[in-house]
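What follows is each chain in one-letter form.
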Amino acid sequence: MNASALPLIAIDGPSGVGKSTTARRVAARLGWEYLDTGAMYRAAALALHRSSTQLDDPEALEALLAGLDLEQRGTRIYLRGEDVSEAIRTQEVTRLVTPVSANARVREVLVDQQRRIGQRGQWVVDGRDIGTVVFTQACCKVFLTASPEARAHRRFLELEAKGQSPDFEDVLTDLNRRDKADSTRAVAPLRQAEDAVALDSSEMSLDQVVEWIVARHLAHR
Ligand code: DC
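Rules and cut-offs
Residues numbered from 1 in each chain as written. Predicted model: local features only at pLDDT ≥ 70, side-chain atom pairs only at ≥ 80, totals over all residues. Heavy atoms only, no water. Axes fitted to C-alpha atoms, helices over the stretch in contact; angles between N-to-C directions. Helix = DSSP H or I, 4+ residues; strand = E, 2+ residues; numbered from the N terminus. Parallel < 35°, antiparallel > 145°, perpendicular 65-115°, else oblique. Left-handed = near helix turned anticlockwise from the far one by under 90°. Contact = heavy atoms within 4.5 Å. Salt bridge = Lys/Arg side-chain N within 4 Å of Asp/Glu carboxyl O. Buried < 20%, exposed > 50% of the residue type's maximum accessible area, 1.4 Å probe, protein only. Pairing = 2+ DSSP bridges. Polar contact = N/O pair within 3.5 Å; in protein donor to acceptor, adjacent residues only side chain to side chain. Arc of directions from axis to C-beta.

A.B. asks: I would appreciate a short explanation of the packing of helix H4 (residues 91-101) against helix H8 (residues 168-184) in the present structure.
C.D. replies: Axis angle and axis distance: for two packed helices, these are the angle between their axes and the distance between the axes, and together they describe the pair. The geometry of H4 relative to H8 is characterised by a closest axis approach of 10 Å and an angle of 20° between their N-to-C directions. For the element pair H4 / H8, the angle class is roughly parallel. Judged by the sense of rotation from one axis to the other, the crossing of H4 with H8 is left-handed. Seen from H4, the contacting residues are Thr 94, Arg 95 and Thr 98; seen from H8, they are Arg 177, Arg 178 and Ala 181.

A.B. asks: Is there a simple way to explain the pattern of salt bridges in this structure?
C.D. replies: When the charged atoms of two side chains lie near each other, side chains of opposite charge can form a pair. A full pass over the atoms with the stated rule returns 17 salt bridges. Arg 73 serves as the salt-bridge partner of Glu 71, at 3.2 Å between the closest nitrogen and oxygen. Classification of Glu 71 as partly exposed rests on a relative accessible area of 36%. One salt bridge in this structure joins Arg 76 and Asp 83, with 2.9 Å as the shortest N-O distance. The exposure class of Asp 83 is partly exposed, given its relative accessible area of 32%. A cluster of three or more residues bridged by salt bridges with shared partners is formed by Glu 62, Arg 105 and Glu 108.

A.B. asks: Could you clarify how one ought to interpret the sheet that holds strand S4 (residues 76-79) in this entry?
C.D. replies: Strand-to-strand pairing in sheets goes through backbone hydrogen bonds, with the strands running parallel or antiparallel. The antiparallel open sheet is built from three strands, whose spatial order is S3-S4-S5. Here the strands that pair on one side only, and so sit at the sheet edges, are strand S3 (70-73) and strand S5 (82-83). In this fold helix H2 (residues 37-50) packs onto S3, S4 and S5, with an angle of close to 35° to the strand it touches most, S4.

A.B. asks: What exactly am I supposed to notice about the side chain of Ser 85 here?
C.D. replies: Mapped onto the elements, Ser 85 comes out in the loop between S5 and H4. Here Arg 76 takes part through its side chain, which lies 3.3 Å from a polar atom of the side chain of Ser 85. Of the polar contacts made by the side chain of Ser 85, one reaches the side chain of Asp 83; its length is 2.5 Å. With residues up to four places along the chain from it excluded, the contact list for Ser 85 reads Thr 75, Arg 76 and Ile 77.

A.B. asks: I would appreciate a short explanation of helix H3 (residues 58-66) in the present structure.
C.D. replies: An α-helical turn contains 3.6 residues, so any two residues separated by three or four positions project in the same direction. Among the residues of H3, Leu 61, Leu 64 and Leu 65 are the ones counted as buried. Axial view of H3: buried residues confined to an arc of 95°, hence all on one face. Opposite its buried face, H3 presents the exposed residues Glu 59, Ala 63 and Ala 66, each directed more than 90 degrees away.

Following this line, the structure appears as structure tokens:
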């Protein structure tokens with residue numbers, strides 16, 4: 001690890017690639033902390049929705065962001081002290097979060113919070129812009145990908161396991177929509193950092209991905 005690098009592993013990549021599960025497992029393997037930045041954008045979207053705050057009303061948005069009290073404890077996320085871990089995973093929030101996460105002011109406030117959290121300790125952080133914007137000095141940057149079909153297939157199995165009857169084409173269409181929105185937005189679009197290593201996990205198991213990242217990190221310390 002060079003002198004200016006932070007003890008921080010950044011895992012970026014598209015929706016449905018398994019970043020959160022991977023990042024949590026890598027953190028557990030190393031005894032590091034884990035930060036889910038997607039959950040922060042989701043909680044912000046939920047807060048906006050509940051208070052009917054419009055993104056195009058700057059004063060209302062500012063007031064909401066000033067009172068946005070987010071906290072992650074372990075794998076749970078709290079909004080003003082309320083555990084919203086399940087509430088942020090609904091289809092509705094998944095739809096609402098796209099415009100919220102594309103808003104420059106929302107990003108400014110959340111990126112600032114993420115930097116304050118990551119300042120101390122050793123972190124595995126997953127998101128879309130961790131290696132390119134939030135923690136450019138991370139000691140290890142991974143750009144985790146998988147084909148849209150492989151990601152849609154995993155998502156399909158997850159939904160089935162939850163007792164739902166998903167339609168594969170719908171799942172794939174939704175993933176493609178999110179990919180496009182994340183990678184074409186004006187502020188902090190999803191892209192691979194120049195110093196990130198890309199890992200295509202289409203043909204890999206979760207265990208293999210976790211071990212690959214841990215080995216890469218240990219080899220480059
Ligand atoms: O990873 P996820 O699906 O929980 O992310 C939720 C949304 O937040 C998704 O639309 C992408 C966005 N996001 C972002 O723009 N930047 C991040 N660092 C993390 C997530």
